[in-house]
Amino acid sequence: MSIRYVDPCAERGWFYRAHGRLKCTRLFQRLALTRIWGAVLWPIDRALLRLTDGRVGTASPVVTALLQTQGARTGHMRSTGVIYFHDGDRVTIIASNAGRPGNPSWVYNARANPDVLLGGQPFQAELVEDEASRQRLWELADRVFPAFASYRETAARTGRTIPILQLSAGVRGSSPRVGFRKAP
């Protein structure tokens, strides 16, 4: 199984653009922050991604994949659906958590255990901290999923800076588990 290549600069069709506009509406922004959204929709997303080998998720037509991390405290494998895009040979994931005040748990898991699977493929997770790189990646992310801009504003109001992770192809277990390496 391999993940689809997502070019953030590619032209999007009318349905994709309409979906993006709908996700940016106040109604969807408010729904995304409700507990029921996270309790119902996100588990459905994981199930859909598993059943369809990553071809269909609740964010469709936006491309998503199943991210698997090893639990920081338990060591158990954890799965969640994430929106991703490519930046050259790296895969970029935005840890938006729909703009909620806290980071998604998979960020802490990837920090403790940077060997992750995305769509069944092994990667090494790296946190992007350089502000120029973050700005460039945000511009690309907003092209892939326009609601990221709203999520960024919502998170900023609570004092949270949304983490950006880049994944490099790698063999699981090939590096020491010392937390994130800095992305260039």
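Residues numbered from 1 in each chain as written. Predicted model: local features only at pLDDT ≥ 70, side-chain atom pairs only at ≥ 80, totals over all residues. Heavy atoms only, no water.

## Here's the deal with helix H1 (residues 14-23)
No. 1: Taken as a whole, H1 has its buried residues at Tyr16, His19, Gly20 and Lys23. Each buried residue of H1 lies within a common arc of 100° when the element is viewed along its axis, so the set occupies one face. Across from the buried face of H1, at angles greater than 90 degrees, the exposed residues are Trp14 and Arg21. (Buried < 20%, exposed > 50% of the residue type's maximum accessible area, 1.4 Å probe, protein only. Helix = DSSP H or I, 4+ residues; strand = E, 2+ residues; numbered from the N terminus. Arc of directions from axis to C-beta.)

## Points about the packing of aromatic side chains
No. 1: Tallied over the entire structure, the rule returns four aromatic pairs.
No. 2: For the ring pair Phe145 and Tyr151, a centre distance of 6.1 Å and an interplane angle of 55° mean the geometry is tilted. Tyr151 matches Phe145 in its accessibility class, with the two residues each being buried.
No. 3: Here Phe148 and Tyr151 contribute two aromatic rings whose centre-to-centre distance is 6.4 Å and whose plane-to-plane angle is 75°, an arrangement assigned as edge-to-face. Highlighted residues: Phe148 and Tyr151, both in helix H6 (residues 147-157), separated by three residues, approximately one helical turn. Residue Phe148 shares its accessibility class with Tyr151, and that shared class is buried.
No. 4: An aromatic cluster of three or more residues is present, and its members are Trp138, Phe145, Phe148 and Tyr151.
No. 5: Arg152 extends its terminal NZ or CZ atom over the ring of Trp138, reaching a point 4.1 Å from the ring centre. (Phe/Tyr/Trp six-rings, centres within 6.5 Å; stacked < 30°, edge-to-face > 60°. Lys NZ or Arg CZ within 6 Å of the ring centre and 35° of its normal.)

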